Amino acid sequence: MHRTGPWLRAAEGAMLLGPDGVPAPTVFAEMSALAAATGAINLGQGFPDEDGPAAVLDAAVDAIRQGVNQYPPGRGTPELRAAIAEHQAHWYGLEVDPDREVLVTAGATEALAATLLAFVEPGDEVVTFEPFYDAYGALVRLAGGTHVTVPLTAPDFLPDEATLRAAFSDRTRVVLVNTPHNPTGRVLPREVLATVVELAEQYDALIVTDEVYEHLTFTTPHVPIATLPGAAERTVTISSAGKTFSTTGWKIGWLTATAPLVEAIVSVKQYLTFVNGAPFQPAVAAGLRLPDEVFHGIAQDLSSKHELLADGLRSAGFDVLRPDGGYFVLADTRPLGHEDARDFCLRLPAAAGVVGVPVSAFVRPDHAPGYRSLVRFAFCKRRDVLAEAVNRLAALAPTD
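Residues numbered from 1 in each chain as written. Predicted model: local features only at pLDDT ≥ 70, side-chain atom pairs only at ≥ 80, totals over all residues. Heavy atoms only, no water.

(A) Structural view of the sheet that holds strand S12 (residues 357-358). One open sheet accounts for 4 strands, arranged S9-S10-S13-S12; its pairing is antiparallel. Each of the sheet's edge strands pairs with one partner strand only, and the pair in question is strand S9 (319-321) and S12. (Pairing = 2+ DSSP bridges. Helix = DSSP H or I, 4+ residues; strand = E, 2+ residues; numbered from the N terminus.)

(B) View of the pattern of salt bridges. Per the stated rule, a full pass over the model turns up 21 salt bridges. As a salt-bridge pair, Asp 49 and Arg 382 come within 3.6 Å of each other at their nearest N and O atoms. On the criterion of sequence distance, the pair formed by Asp 49 in the loop between strand S1 (41-42) and helix H2 (54-65) and Arg 382 in the loop between strand S13 (374-378) and helix H12 (383-393) is long-range, its members being 333 residues apart. A single network of salt bridges, built from pairs that share partners, joins Glu 50, Asp 301, Lys 305 and Arg 383. (Salt bridge = Lys/Arg side-chain N within 4 Å of Asp/Glu carboxyl O.)

(C) Spatial organisation of the sheet that holds strand S2 (residues 102-105). With mixed pairing, the 7 strands of this open sheet are ordered in space as S2-S8-S7-S6-S5-S3-S4. With partners counted over all chains shown, the strands left at the sheet margins are S2 and strand S4 (146-151), one partner each. Taken pair by pair, the neighbouring strands of this sheet meet at an average axis angle of 20°, ignoring direction. Here strand S5 (residues 172-178) pairs with strand S6 (residues 206-210) via 5 bridges, running parallel. Opposite Val 174, over in S6, you have Leu 206 as the bridge partner. (Axes fitted to C-alpha atoms, helices over the stretch in contact; angles between N-to-C directions.)

(D) Structural detail: the packing of helix H4 (residues 107-119) against helix H5 (residues 134-142). As a packed pair, H4 and H5 sit with axes 9 Å apart at the nearest point and diverge in direction by 30°. Looking at the two axes, H4 sits roughly parallel to H5. The two elements H4 and H5 meet at a crossing, and its hand is right-handed. Packed against H4, whose contacting residues are Thr 109, Leu 112, Ala 113, Leu 116 and Leu 117, the element H5 presents Ala 135, Tyr 136, Leu 139, Val 140 and Leu 142 at the interface. Considering only residue class, the contact of H4 with H5 consists of 9 nonpolar, 1 polar and no charged. (Parallel < 35°, antiparallel > 145°, perpendicular 65-115°, else oblique. Left-handed = near helix turned anticlockwise from the far one by under 90°. Contact = heavy atoms within 4.5 Å. Nonpolar A, V, L, I, M, F, W, Y, C, P; charged D, E, K, R; others polar.)

(E) A look at the environment of Arg 334. Looking at where Arg 334 falls in the secondary structure, it is placed in the loop between strand S10 (328-332) and helix H11 (341-352). The residues contacting Arg 334, other than those within four sequence positions of it, are Glu 339 and Ser 373. Here the side chain of Arg 334 touches Ser 373 through a polar contact of 3.3 Å, side chain to side chain. (Polar contact = N/O pair within 3.5 Å; in protein donor to acceptor, adjacent residues only side chain to side chain.)

(F) Layout of the state of the cysteines. For the structure shown, the criterion picks out 0 disulfides. Counting only cysteine sulfurs, Cys 380 is the nearest neighbor of Cys 345, a cysteine outside any disulfide, at a range of 16 Å. Using a relative accessible area of 4% as the deciding quantity, one classes Cys 380 as buried. (Disulfide = S-S within 2.5 Å. Buried < 20%, exposed > 50% of the residue type's maximum accessible area, 1.4 Å probe, protein only.)

(G) Fine view of the packing of aromatic side chains. For the coordinates displayed, the defined rule picks out 12 aromatic pairs. An angle of 85° between the planes, with centres 5.7 Å apart, marks the rings of Phe 318 and Phe 344 as edge-to-face. Residue Phe 318 is located in the loop between helix H10 (292-316) and S9, and its partner Phe 344 is located in helix H11; the two are separated by 26 residues in the primary sequence. Take Phe 344: its relative accessible area is 4%, and that puts it in the buried class. Directly above the ring of Phe 328 sits Arg 376, whose terminal nitrogen or CZ lies 3.5 Å from the centroid. Above the face of the Phe 47 ring, Lys 381 is positioned so that its terminal group lies 3.8 Å from the ring centre. (Phe/Tyr/Trp six-rings, centres within 6.5 Å; stacked < 30°, edge-to-face > 60°. Lys NZ or Arg CZ within 6 Å of the ring centre and 35° of its normal.)

(H) Broad picture of unusual backbone geometry. With an omega dihedral of 5°, the bond running from Ala 154 to Pro 155 counts as a cis peptide bond. Along the polypeptide, Pro 155 turns up in the loop between S4 and helix H6 (161-167). Unusually for a residue other than glycine, Lys 251 sits at a positive phi of about 55°. Counting through the fold element by element, Lys 251 comes out in the loop between strand S7 (235-240) and strand S8 (253-256). Although it is not a glycine, Phe 274 adopts a positive phi angle of roughly 70°. Relative to the helices and strands, Phe 274 resides in the loop between helix H8 (259-269) and helix H9 (280-288).

What follows is the structure, encoded as structure tokens:
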């Protein structure tokens, strides 16, 4: 059903370059450097500043002390692959074979890279929603594909069905679906996912999902697209431990798919990192087997942090767009008299001692005007940090 062909290609032309021909830094690096230089609170980059469940951390320490420090098996340790299969069955009713249909990767980003390099050839099109995680565009280009985007526009950040249908063609090779969505926080509803499956079947496209925020939803439950009728046989489901367990530095991700799809992806993955994170794999397995209430508690804690920051942003004068889940909240700068969020973000450290990221960084340059006044703020931080950020942002509030 899916062609494979030559996968490893030169990366020439895939890197974003500045006007002097030097690789341009990502917006995250730029804003994080600005935070470091000014002493501002960094709400731009999506990483937690406190540890996750002690049981997960202790399991990693135990593994290190027990000598689990050499190369793990190429597909991941049997213990972790079994835990991933159990997780999919327990939470979603998806039955996967841990030996043939699971692959452990160096974070979700490597899973995405290996998948796109395995299946996308020059001339193929990859459809994503927009805004999109910045790695998507770069990985599509590395694979030699053409990136086609479908906008999610404020305030609901849902796609127009006619626009979604028009994005597919006989050249569509992959549709990459990110839900819960970064940066908008939207959980895509079942009817949108069903349309994606219908179109993927019509055009014989592979569905690739990025579900790293799957357990971090507030009121709207996450629905894996692989659970929809007709989807499982053509879907590569990708997730990771970093966001759920606040272990972003461990870089333990995974994918599940049919055995033929996993075989093709392994053929690429083995030439990327080969393997990674030996002592962290049993720790993540322990995390995936924690009681349901632990997962619910993580989501509830994050939801309350969102409320803290969102209330402060509203008090400061922003229009705030409520997410369904994830790490981020979007705020509109227009009520504060600023039309250009990028310029606003560059000025914000001096004005209020806080750093955010312009949403225009997550869209193609020619589409940026539609998101020009939106800023993404991360609320996956300690409460005292968020409270201090709120106090600083109060300086922006208009005075009568």
